[in-house]
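Summary of structural features
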Amino acid sequence: MSSYTLPALSPVDEVAVVGRAQSFTKRSIKKDSKAAALRLIVSMIDLTTLEGMDTEAKVKRLCRKGVTPLLDADLPSVAAICVYPPMVRVAKETLAGSGVKVASVATAFPSGQTFLNLRVEEVRQTVEAGADEIDMVINRGAFLSGDYSRVFDEIVAVKEACKEAHLKVILETGELGTYEQVRKASFLAMDAGADFIKTSTGKLASAATLPVTLVMLEAIREYFLATGRVVGMKPAGGIKTAKQAWHYLVMVKETLGDDWLHADRFRIGASSLLNDVLMQWRRKDTGRYQSGVYFSED
Amino acid sequence: MAAKSTRSKAGSESKARATVAKTYKLYVGGAFIRSESGRVMAVKSGDTFVANCARASRKDFRDAVKVARGALSSWSGKTAFNRSQILYRAAEMLEDRRAVFVDRLQSHAGFNEAAAEREVSVSVDRLFWYAGWADKFTQVLGGVNPVAMPFFNFTLPEPTGVVAVLASSTSPLAGLISAIAPVLAGGNTCVVLTDHDAPTIPCDFGEVLATSDFPGGVVNLLTGSRSELLPHVASHMDVNAVALFGGSKEERVLLETEAAENVKRVRCFDDPPVADWASSDHQSPYWIESFVEWKTAWHPVGL
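This one's a predicted model, so the numbers in the text were calculated from it and none came from an experiment.

Rules behind the numbers
- Residues numbered from 1 in each chain as written.
- Chains lettered and ligands numbered in written order.
- Predicted model: local features only at pLDDT ≥ 70, side-chain atom pairs only at ≥ 80, totals over all residues.
- Heavy atoms only, no water.
- Helix = DSSP H or I, 4+ residues; strand = E, 2+ residues; numbered from the N terminus.
- Rg over C-alpha atoms; globule rule 2.2 N^0.38 Å.
- Buried < 20%, exposed > 50% of the residue type's maximum accessible area, 1.4 Å probe, protein only.
- Contact = heavy atoms within 4.5 Å.
- Areas by Shrake-Rupley, 256 points an atom, 1.4 Å probe, with all protein chains shown as cover.
- Lys, Arg positive; Asp, Glu negative; His and termini not counted.
- Charge placed at Lys NZ, Arg CZ, Asp CG, Glu CD.
- Buried area = accessible area lost by both parts, 1.4 Å probe.
- Nonpolar A, V, L, I, M, F, W, Y, C, P; charged D, E, K, R; others polar.
- Pairing = 2+ DSSP bridges.
- Axes fitted to C-alpha atoms, helices over the stretch in contact; angles between N-to-C directions.
- Patch = residues over 30% accessible without salt bridge, like charges linked within 9 Å, V, L, I, M, F, W, Y side chains within 5 Å.
- Salt bridge = Lys/Arg side-chain N within 4 Å of Asp/Glu carboxyl O.
- 1 Å grid on protein atoms, 1.4 Å probe; cavity = no way out; pocket = protein on both sides within 12 Å on 5 of 7 lines; lining within 4 Å.
- Points joined across faces, edges and corners; volume = space filled by probe spheres on them.
- Phe/Tyr/Trp six-rings, centres within 6.5 Å; stacked < 30°, edge-to-face > 60°.
- Lys NZ or Arg CZ within 6 Å of the ring centre and 35° of its normal.

**A look at the overall build of chain A**
In terms of regular secondary structure, chain A is built from eleven helices and eight strands. Its C-alpha atoms give chain A a radius of gyration of 19 Å, within 12% of the compact-globule value 19 Å for 298 residues. Projecting the C-alpha coordinates of chain A onto the three principal axes gives extents of approximately 60 × 45 × 35 Å. Counting over 298 residues, chain A shows a buried share of 54%. Partitioning the contacts of chain A with sequence separation of at least 6, the portion at a separation of at least 24 is 76%. When the accessible area of chain A is evaluated, it comes to approximately 12,800 Å², of which 52% is carbon and sulfur surface. Charge centroids of chain A, computed over 38 positive and 36 negative side chains, lie 6 Å from each other.

**A word on the interface of chain A and chain B**
Each partner contributes residues to the interface: chain A has ten residues there, and chain B has eleven residues. The junction of chain A with chain B conceals about 1,000 Å² of combined surface from both sides, 43% of it contributed by carbon and sulfur atoms. Broken down by class, the residue content of the side of chain A that touches chain B amounts to two nonpolar, five polar and three charged.

**Comments concerning the sheet that holds strand β4 (residues 133–137) of chain A**
Residue and element names in this part refer to chain A. If you trace the eight strands from one edge of the open sheet to the other, you get β7-β6-β5-β4-β3-β2-β1-β8, paired in parallel fashion. Looking at the sheet topology across the chains shown, the edges are occupied by β7 (232–234) and β8 (268–270). Put simply, the sheet's adjacent strands are angled 25° from each other on average, direction ignored. Of the pairings in the sheet, the one linking β4 to strand β5 (residues 166–170) comprises five bridges and is parallel in character. Following the sheet pairing, I134 is matched in β5 by L167.

**A short note on a positive patch on the surface**
Together, K30, K31 and K243 of chain A together with R58 of chain B line one region of the surface with positive charge. Within the fold, R58 of chain B resides in helix α2 (residues 58–76).

**Focus: helix α9 (residues 226–235) of chain B**
Taken residue by residue, α9 of chain B has R226, L229, L230, V233, A234 and S235 of chain B as its buried positions. Those residues of α9 of chain B hidden inside the fold are in contact with α2, β7 (162–166), β8 (189–194), β10 (241–245) and α10 (249–259) of chain B.

**Examining the sheet that holds strand β5 (residues 143–144) of chain B**
All names here are of chain B. What the three strands build is an open sheet, ordered β5-β6-β12; its pairing is antiparallel. Each edge of the open sheet carries a strand with a single partner, namely β5 and β12 (292–300). Two elements, strand β6 (residues 151–159) and β12, share nine bridges in a ladder whose sense is antiparallel. Across the sheet, P157 pairs through a bridge with W294, a residue of β12.

**As for the pattern of salt bridges**
For the structure on display, the rule yields 36 salt bridges over all chains. Across the pair R267 of chain A and E133 of chain A runs a salt bridge whose closest N-O atoms are separated by 2.8 Å. Of the two residues, R267 of chain A is situated in the loop between α10 (242–255) and β8 and E133 of chain A in strand β4; the sequence distance between them amounts to 134 residues. E133 of chain A gets classed as buried once you look at its relative accessible area, which sits at 3%. Between E117 of chain B and R98 of chain B there is a salt bridge, with its nearest N and O atoms 2.7 Å apart. One end of the pair, E117 of chain B, is in helix α5 (residues 113–133); the other, R98 of chain B, is in helix α4 (residues 98–107), with 19 residues separating them in the sequence.

**Some points on the layout of surface pockets**
Considering only enclosed or pocket space, the largest pocket measures out at about 1,300 Å³ in volume. In terms of lining residues, the largest pocket is bounded by 38 residues, among which D276, Q280 and Y289 of chain A together with R62 and K66 of chain B are the most central. Elements that contribute at least two residues to the lining of the largest pocket include exactly α2 (31–44), α10 and α11 (273–286) of chain A together with α2 of chain B. At seven residues, the largest contribution of residues to the lining of the largest pocket is made by α2 of chain B. Among the residues forming the lining of the largest pocket, the class breakdown is seven nonpolar, 13 polar and 18 charged. Along its surface, the second largest pocket is lined by 30 residues, and T48, E51, A270, S271 and S272 of chain A are the ones closest to its centre. Broken down by element, the lining of the second largest pocket gets its largest block of residues, three residues, from helix α3 (residues 56–67) of chain A. When its residues are assigned to classes, the lining of the second largest pocket shows ten nonpolar, eleven polar and nine charged.

**Section: the pairing of strand β4 (residues 48–54) of chain B**
Sheet analysis places strand β3 (residues 40–45) of chain B next to β4 of chain B, joined by six bridges and oriented antiparallel. Directly across from V43 of chain B, in β4 of chain B, lies its bridge partner A51 of chain B.

**What to know about the packing of aromatic side chains**
The geometry of two aromatic rings is summed up by the distance between their centres and the angle between their planes. Here the structure, examined in full by the defined rule, presents 15 aromatic pairs over all chains. Considering the side-chain rings of W129 of chain B and Y130 of chain B, the 5.0 Å spacing of their centres and the 90° angle between planes classify their relative orientation as edge-to-face. By relative accessible area, Y130 of chain B is classed as buried at 0%. Pairwise contacts between aromatic rings join F245, F269, W277 and W287 of chain B into one cluster. Looking at R283 of chain A, its charged tip hangs above the ring of Y289 of chain A, at a distance of 4.2 Å from the centre. Directly above the ring of W281 of chain A sits K284 of chain A, whose terminal nitrogen or CZ lies 4.1 Å from the centroid.

Given below as C-alpha cells:
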C-alpha cells in the first residue's frame, strides 16, 4: 500500500481551453491534405465492438474489415481491433500476420465495479489469450472521494498483470465533472505507468470532446517535458465523422507536434467513424456523395 | 423634474420605429439555417431590393439529404391516417397565413392581387387534396392479385425513400406544393431545391411546414441555383429518386445519366406557366405512385 500524492498542478483555465479547442475546428482541409488525413485517421482507429450481442462471427468480420478497409490498397489497416475479453482469442487468430493489434477492455469494463483481485485476474487471462493492449477503467468512486493512493495502486497492479501488453487507462472524463479533475486523473494515470490515457468508455452520453482531450494532451506534454517519458492519447466515444476526427489531428499536431501523429502515440476509439471515413474516401475517388447502404456495418 | 420630462419627450419624438427585416433562410432538419457557405442572393422585385435569401451550396444539399435519410423511418413509420392529418394541418396553416402569402406574392413575385389569391387557393386546395389521398392511394393502386394456387397475393406500395425535388421555377407556391405533396403522401422524405426569382416565397412556406407537425427533416427546403446543384443531386448515392420540373434536355440527360449509378428513380414533369398550375392536370394519385416501390407478398390461405 503506497501513499501516492499528486504533484502540484497549475489550474485549468476553462474558458481558454474551450476557446482554443474551438479554434481547431476552423482549418480548411481539402484535396491532398484531406486524402492524407483520411489515411492517417484509418491508421489510428481502434475499431471497436463492445456489445452484449457480439458474436465470434461479428468479430471476425470486423477484423477482416479492419485489415483491408474497402479492399483498397491505398488505405492502411486500422491500428487495432478492440473487443471484450472472451473475443480476444478469435480476434488474435483472425488478425494473425496482419500487423493489426488486438486491444481488449478488461477490469470489469465499463463500470470497473468489482473486486480488485478479479479485475487483475481478468487482465491476466486477457493478456494470456493474446491481447496486445489492455484498456482499463480507473476506479472513479475512489478518485472522486479523493483516495488517489487507491486509484494509483490499482493501476500499478493492472500494469503489472499486463506484462508486455500496452496499458491504456480510461479516465471516463464524463464522470469526473471538471477539467481540473481530468488533469489530476491524467497525471495520476501517467505516474502509475499508463502507456496511453484514454477519455471514455464510450458507454456514457458524455464521451470524448475536443476540450477534454486538449486538457489531457497538455498534461501529456507537461509530463513528457518533466520526465522524458512518452505517453499516448486515445479519445474514444462520440467521434463519428471524418471531419470531427481531423479536428483532433489538428489539435494533436498543434499541441504535441508531428511525433504524436502516429498510431503508436495517438488512437481514436470508434465504431461508426470508419464508415464515414470510407464514404469520404470513395467520394474523393468518384466525386459522388455516398450512401451508408453501400458500406458494411461490420 | 422639468429637464427629465423634456428628455423623455425628445426621445420619443426622435425615434421613428425601425421595422425588423426578415432574414430568409434554408429550412433543414426542422430548423431555419443559413447556408454553410455563407452565400446569399439579393431578391428583387423589378428593380427594388426586397430581401437577402440564403443560396444553398452542395454541402447544404448533402447535409439536407442526411437529415432527410434520418427522418425517413419516423415519417414512413407513421400511420397513413396520421400523415394525412399532418398534410391537412399544413393546409390549415397555409389558409391561416393567406394574407401574408397574398401580400408577398404581389410585393416579391410580381403577381397581381387576383393571381396571388388564386395561387394561394390552389396551394391550399392541393395540400388538402393530397391529404385525402394519403390514406387511400394504397387501396386504389395496390391490390389483391389473382393466383392459381392456395395463396393470397398482395401488391402494396412502399415509400421509395429520400426524394430530391427540383421544383417549379414558374410557380413559387402552387408549383412547389404540387411537387412535394404527393412525395410526402407516399411516405417519402424530401429535399427540395427551388430556383425561382422570388425564393422568399418557398422560405415563407417553410414556416407553414414548421408549424404543421412534420417531424424535423421530413421536408427540407433549399433555395439556390439549379444549374449549380443539379450535378450533385443527380450523383448523390443516398438519394433514391429525383423529381425534375421543367429543365432543359441537357439537364434531363445529365440527370438520367448520373442517376443510373445507383438506379435512382427519375421523374420529369412539365413546368407550365404559373396560371396553368390550377389545372387538375397537375394533381394525380399517379404522382404519388411515381415515388413508391411495389412489394408483392404471398400468404398461404388459412384453413
